[in-house]
Amino acid sequence: MNKTNSQRLFEEAKRVLPGGVDSPVRAYRAVGGAPLFIARGKGDTIEDADGNRFVDYVMSWGPLILGHARSEVVAAVQSAAADGLSFGAPTGRETRLAEAICAASGAEMARLVNSGTEACMSAIRLARGYTGRDKIIKFEGCYHGHSDGLLVKAGSGCLTGAMPDSAGVPASYARETLVADYNDPASAEALFNSNRGEVACVIVEPVAANMGVVPPAPGFLQALRRLCDANGALLIFDEVITGFRVSFGGAAALYGVRPDLFAFGKIIGGGMPLAAYAGKREIMQCVAPSGKVYQAGTLSGNPAATAAGLKTLEILEKYKDEIYPSLEEKGAELESAYREAGVPVNRVGSLLSPFFAKEAPASYADVKKCDLAAFAEYFAAMQERGIYVAPSQFEAMFLSAAHTEEHIGKTCSAIAFACGQALKGNG
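Residues numbered from 1 in each chain as written. Predicted model: local features only at pLDDT ≥ 70, side-chain atom pairs only at ≥ 80, totals over all residues. Heavy atoms only, no water.

Per an unreviewed UniProt entry, the chain goes by the name Glutamate-1-semialdehyde 2,1-aminomutase and belongs to Candidatus Borkfalkia avistercoris. The record in UniProt for the chain states the following under Pathway (unreviewed entry): "Porphyrin-containing compound metabolism; protoporphyrin-IX biosynthesis; 5-aminolevulinate from L-glutamyl-tRNA(Glu): step 2/2." Entered under Sequence similarities (unreviewed entry) in the UniProt record, the comment concerning the chain runs "Belongs to the class-III pyridoxal-phosphate-dependent aminotransferase family. HemL subfamily." (UniProt positions renumbered as here; feature names shortened; annotations may be inferred.)

On to the overall build of the chain, then. Scanning the chain from N- to C-terminus turns up 14 helices and 16 strands. A compact globule built from 427 residues would reach a C-alpha radius of gyration of about 22 Å, and the chain, at 21 Å, matches this within 12%. Oriented by its inertia axes, the alpha-carbon framework of the chain measures out at about 55 × 55 × 45 Å. Here the chain, with 427 residues, has 54% of them falling under the buried criterion. Counted over contacts in the chain with a minimum sequence separation of 6, partners at least 24 positions apart contribute 70%. Here the chain has roughly 17,700 Å² of accessible surface; of this, 51% comes from carbon and sulfur atoms. (Helix = DSSP H or I, 4+ residues; strand = E, 2+ residues; numbered from the N terminus. Rg over C-alpha atoms; globule rule 2.2 N^0.38 Å. Buried < 20%, exposed > 50% of the residue type's maximum accessible area, 1.4 Å probe, protein only. Contact = heavy atoms within 4.5 Å. Areas by Shrake-Rupley, 256 points an atom, 1.4 Å probe, with all protein chains shown as cover.)

The next subject is the pairing of strand S12 (residues 275-279). Along any regular strand, the residues point their side chains to alternate faces of the sheet. Taken across its five residues, S12 has five buried, putting it largely inside the fold. Judged by which residues are buried, S12 turns out to be covered on both faces: Ala275, Tyr277 and Gly279 on one side and Ala276 and Ala278 on the other are all buried. Two strands pair when backbone bridges link them, and strand S4 (residues 109-113) and S12 are joined in this way by five bridges, in the antiparallel orientation. Residue pairing for S12: Ala110 is matched across the bridge by Ala278. Inspection of the sheet shows strand S11 (residues 261-264) paired to S12 by four bridges, in the antiparallel sense. Its bridge partner lying in S12, Phe264 is registered against Ala276. (Pairing = 2+ DSSP bridges.)

Attention now goes to the pattern of salt bridges. Counted by the stated rule, this structure contains 13 salt bridges. With a closest N to O distance of 2.9 Å, Glu72 and Arg70 form a salt bridge. Judged by its relative accessible area of 32%, Glu72 falls in the partly exposed class. It is possible to trace a salt-bridge network through shared partners that takes in Arg225, Asp229, Asp260 and Lys280. (Salt bridge = Lys/Arg side-chain N within 4 Å of Asp/Glu carboxyl O.)

Okay, the packing of helix H3 (residues 92-105) against helix H10 (residues 303-318) next. With their axes 9 Å apart at the nearest point, H3 and H10 run at an angle of 35° to one another. Here H3 runs over H10; the crossing is left-handed. Contacts from Arg93, Glu94, Arg96, Leu97, Ala100 and Ile101 of H3 reach H10 at Pro303, Thr306, Ala307, Gly309, Leu310 and Leu313. Looking at the contact of H3 with H10, its residues break down into seven nonpolar, two polar and three charged. (Axes fitted to C-alpha atoms, helices over the stretch in contact; angles between N-to-C directions. Left-handed = near helix turned anticlockwise from the far one by under 90°. Nonpolar A, V, L, I, M, F, W, Y, C, P; charged D, E, K, R; others polar.)

Attention shifts here to the environment of Ala308. Turning to its location among the elements, Ala308 is positioned in helix H10. In this structure the C-alpha to C-alpha distance between Ala308 and Pro170, which are 138 residues apart in sequence, comes to 38 Å. Dropping the residues within four chain positions of it, Ala308 is found in contact with Val73, Val77, Gly269, Gly270 and Met272.

Read across the open sheet, the seven strands follow the order S4-S12-S11-S10-S9-S5-S8; overall the sheet is mixed. Bordering the open sheet on either side are S4 and strand S8 (177-180), each of which pairs with just one other strand. This sheet shows a mean twist of 20° between the axes of neighbouring strands, independent of strand direction. With four bridges joining them, strand S9 (residues 199-204) and strand S10 (residues 234-239) adopt parallel strand pairing. Paired with Val204 across the bridge in S10 is Phe237.

Okay, the packing of aromatic side chains next. For any pair of aromatic rings, geometry is given as the distance between the ring centres together with the angle between the planes. Enumeration according to the criterion identifies 13 aromatic pairs in this entry. On the basis of an interplanar angle of 55° and a centroid distance of 6.4 Å, the ring pair of Phe10 and Phe37 is categorised as tilted. Highlighted residues: Phe10 in helix H1 (residues 4-14) and Phe37 in the loop between H1 and strand S1 (38-42), separated in sequence by 27 residues. Look at Phe10 and you get buried, because its relative accessible area is 9%. An aromatic cluster is present here, built from Phe244, Phe248, Phe262 and Phe264 joined pairwise through their rings. (Phe/Tyr/Trp six-rings, centres within 6.5 Å; stacked < 30°, edge-to-face > 60°.)

Following this line, the structure appears as structure tokens:
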């Protein structure tokens, strides 16, 4: 495969961008080699700077549930952009998008922001302001963006405050974040018991998708709901990835658990930078200018982004009885291909991850046992066969409505070969 232009572009980028990228996973550090520089995408395929074409299972890390450059979405963005790229003033589209998000999720009010990081950060600030408490509980392996208080790890055990997981994060601030074990409600209960009256909220990915896909164990989310209710804390679902993907109503609808607050992103922007936090009216009215919890943004509710999001949600709602069953079928086909190749896989609808481990993980501790060398070999073999998957064992695969049966079949053949090579080469 010719990568001459991608390699040249990477060398140029490294002179002006830290590591040559604007988000770390793009640098291919986990799999080796130079990253592909993408020139264009259409439907379920992308083309790199050297003209190589790939069936895409990154899909911009989740937003493109309708595929690349869906004509109706592109037209909506072009129409909005022709009227102006930004106003810093209210537009009707903001209201309509908030209404669509609330109608699908069951939330009563929403505030539009620009990224999933901002949505999670703002939801946590709101929870703290509403409850008057400082501490939060998160789960090891769950990623909620790069704000200071969330870049933490468990350290010596889940019953202690966390130490920073990044330089530049004060330990004093990180200590307000308590870390429990995903799929282990007893670990969260222990944190509540040792920090009585101090926990403002629990934030969780209802389907973990940033350590690879790890579904919630039966009863896990329900137990978190009960713990929050019993301790006067809010439950926040980070549905930046799962919202409008695992079902039209997201993970909350799929698992029948209602959080107090949601964080949404990715799909609600249709590929444009847009996110939101949403929830109960009583809580959301604490946000300025209605209340004393301050949050603002010059580009929040951007007209081109809201146009993309509105059109995406409109299509998903109109065709949800076709799109989501089709995504389930495609996901099941890929899942079977991995299992037949001897690789464990976790899947929830159109969200899935193969794991080079003895069994499919149920926690971050399980995920850390994966064979990363085997994954790197699998990744290279998939790319050589025209299949673009995430360059990390700890990221998800994303299906779209644009993936064709022909390309699913091509992918299944590539899976059989790539997994066979990786397993043979790593014992």
